[in-house]
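Letter by letter, the chains look like this.
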Amino acid sequence: MSEPFFELKGSLFPLSVIHSSDLSVAGLQAALQQKLDQAPGFFHQAAMVIQLTPEHQSPDFQALKQLFQQLKLVLVGVAGASTEQKQLAQAAGLAVLRLGQDSKPLAPAPGASGEARVEQVPMHTKVVEQNIRSGQQIYAKGADLIVRGAVGAGAEVIADGNIHIYGTLRGKAIAGASGDSNKRIFCQNLQAELVSIAGHYWLSDSLQGDFWNKAACIRMQDDSIAIGEL
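Residues numbered from 1 in each chain as written. Predicted model: local features only at pLDDT ≥ 70, side-chain atom pairs only at ≥ 80, totals over all residues. Heavy atoms only, no water.

Some points on the packing of helix α1 (residues 25–38) against helix α3 (residues 61–70)
For step 1, the next point in the chain: Put simply, α1 and α3 touch, their axes get as near as 10 Å, and they point 25° apart. In this view, α1 runs roughly parallel relative to α3, as classed from their interaxial angle. For the crossing formed where α1 meets α3, the hand is right-handed. In contact with V25, L28, Q29 and L32 of α1, α3 contributes A63, L64, L67 and F68.
For step 2, the next point in the chain: Here the residues of the contact of α1 with α3 sort into seven nonpolar, one polar and no charged. (Axes fitted to C-alpha atoms, helices over the stretch in contact; angles between N-to-C directions. Helix = DSSP H or I, 4+ residues; strand = E, 2+ residues; numbered from the N terminus. Parallel < 35°, antiparallel > 145°, perpendicular 65-115°, else oblique. Left-handed = near helix turned anticlockwise from the far one by under 90°. Contact = heavy atoms within 4.5 Å. Nonpolar A, V, L, I, M, F, W, Y, C, P; charged D, E, K, R; others polar.)

Some points on the sheet that holds strand β15 (residues 224–229)
For step 1, the next point in the chain: Here six strands make up an open sheet; going across it, the order is β5-β7-β9-β11-β14-β15 and the pairing mixed. What marks the edges here is a single partner per strand, and that holds for β5 (124–128) and β15. For this sheet the average axis-to-axis angle between neighbouring strands, irrespective of direction, equals 25°.
For step 2, the next point in the chain: Summarising the sheet, strand β11 (residues 185–190) and strand β14 (residues 216–221) pair through three bridges and their orientation is antiparallel. (Pairing = 2+ DSSP bridges.)

Looking at α3
For step 1, the next point in the chain: For α3, every residue scored as buried is listed here: F61, L64, L67 and F68. For α3, the buried positions fall inside an angular range of 110° around the axis, keeping them on one side. Of the residues in α3, the exposed ones pointing more than 90 degrees away from the buried face are Q69 and Q70.
For step 2, the next point in the chain: Considering only its buried residues, α3 is in contact with β1 (16–18), α1, β2 (47–51), β3 (74–79) and α4 (83–91).
For step 3, the next point in the chain: Immediately beyond the C-terminal end of α3, within one or two residues, lies K72, with a positive phi of roughly 60°. (Buried < 20%, exposed > 50% of the residue type's maximum accessible area, 1.4 Å probe, protein only. Arc of directions from axis to C-beta.)

Details of the sheet that holds β3
For step 1, the next point in the chain: Strand order across the open sheet formed by four strands is β1-β2-β3-β4, with parallel pairing between neighbours. Each edge of the open sheet carries a strand with a single partner, namely β1 and β4 (95–97). Mean inter-strand twist for the sheet, computed between neighbouring axes without regard to direction, equals 35°.
For step 2, the next point in the chain: For β3 and β4, the ladder comprises three bridges, and the chain directions are parallel. Bridge pairing in β4 links V78 to V96.

Focus: the environment of Q130
For step 1, the next point in the chain: Looking at the secondary structure, you find Q130 in the loop between β5 and β6 (137–140).
For step 2, the next point in the chain: Between the alpha carbons of Q130 and G149 there is a distance of 5.2 Å; along the sequence they are 19 residues apart.
For step 3, the next point in the chain: If we skip the residues at most four places from it in the chain, Q130 touches V147, R148 and G149.

What to know about the pairing of β11
For step 1, the next point in the chain: Sheet topology places strand β9 (residues 163–169) next to β11; five bridges connect them, and they run parallel. Within the sheet, the bridge partner assigned to T168 lies in β11 and is N189.

Quick word on the confidence of the model for the protein chain
For step 1, the next point in the chain: Of the residues in the protein chain, 83% reach a pLDDT of 70 or more, and the chain-wide mean stands at 82.
For step 2, the next point in the chain: When mean pLDDT is compared element by element in the protein chain, β11 scores highest at 96, while helix α2 (residues 40–43) scores lowest at 71.
For step 3, the next point in the chain: Counted against residues more than four places away or in other chains, residues 101–122, with its pLDDT under 50, gives six contacts. (pLDDT = per-residue confidence, 0-100.)

With respect to α1
For step 1, the next point in the chain: In this model α1 runs 20 Å from its N-terminal to its C-terminal C-alpha over 14 residues, within 8% of the 20 Å that 1.5 Å per residue would give.
For step 2, the next point in the chain: Within the sequence span of α1, burial applies to L28, L32 and L36. Angularly, the buried residues of α1 cover 65° about the axis, an arc narrow enough to put them on a single face. Of the exposed residues in α1, the ones pointing more than 90 degrees away from its buried face are A26, A30 and D37. (Expected span 1.5 Å × (residues − 1).)

Quick look at the state of the cysteines
For step 1, the next point in the chain: The tally for this structure, following the rule as stated, stands at zero disulfides.
For step 2, the next point in the chain: Free of any disulfide, C187 has its nearest cysteine sulfur in C217, 9.1 Å distant.
For step 3, the next point in the chain: Judged by relative accessible area, C187 falls into the buried class, the value being 0%.
For step 4, the next point in the chain: Look at C217 and you get buried, because its relative accessible area is 8%. (Disulfide = S-S within 2.5 Å.)

This is how it looks when you write it as structure tokens:
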């Protein structure tokens, strides 16, 4: 009889961080429902964290957990919490996390240079020679994705690498799906429902600026999505 196997590994999973001045159940329900209506499939069972600030009164964490369950979302925990808020969140079974400015850099191990090294893994390329229609999903696992056509509204293209779209992007494009924030999305005409890089995302209302209906390059800059000329 073999010995039971157990292994605990560190890993990185994307978390959506909620920033809201209104953390009441009614206020969050209205705001979250609006986002869900824009991209329901993308947020299904999405893991989320509430970012607290000194201005926030302690919300009803138990009621918020129930709200997230009703909306088919997963409330993992809170960040930026005061001592009182930490206690209340933990009592409701939520994790207390440190995100962004809350976190402190780790000291380098003895003898280490202090530099973070990233191993560059060669990526293959998946090429799609046609338009992607509503309801279709294309995933380039461990690869870049090239679409020699348009991505229609309601369609979804996903790649662990970069995404190149030689037509109009009207649907959803998710690059760096395995967590690499250096990946980018390139398209000839930006009209997307949603773009995402390494778990960070913008919906259509945030994209409708200077590069809407234009050729664009979408990338990460200072922990946020940025759009520039192609």
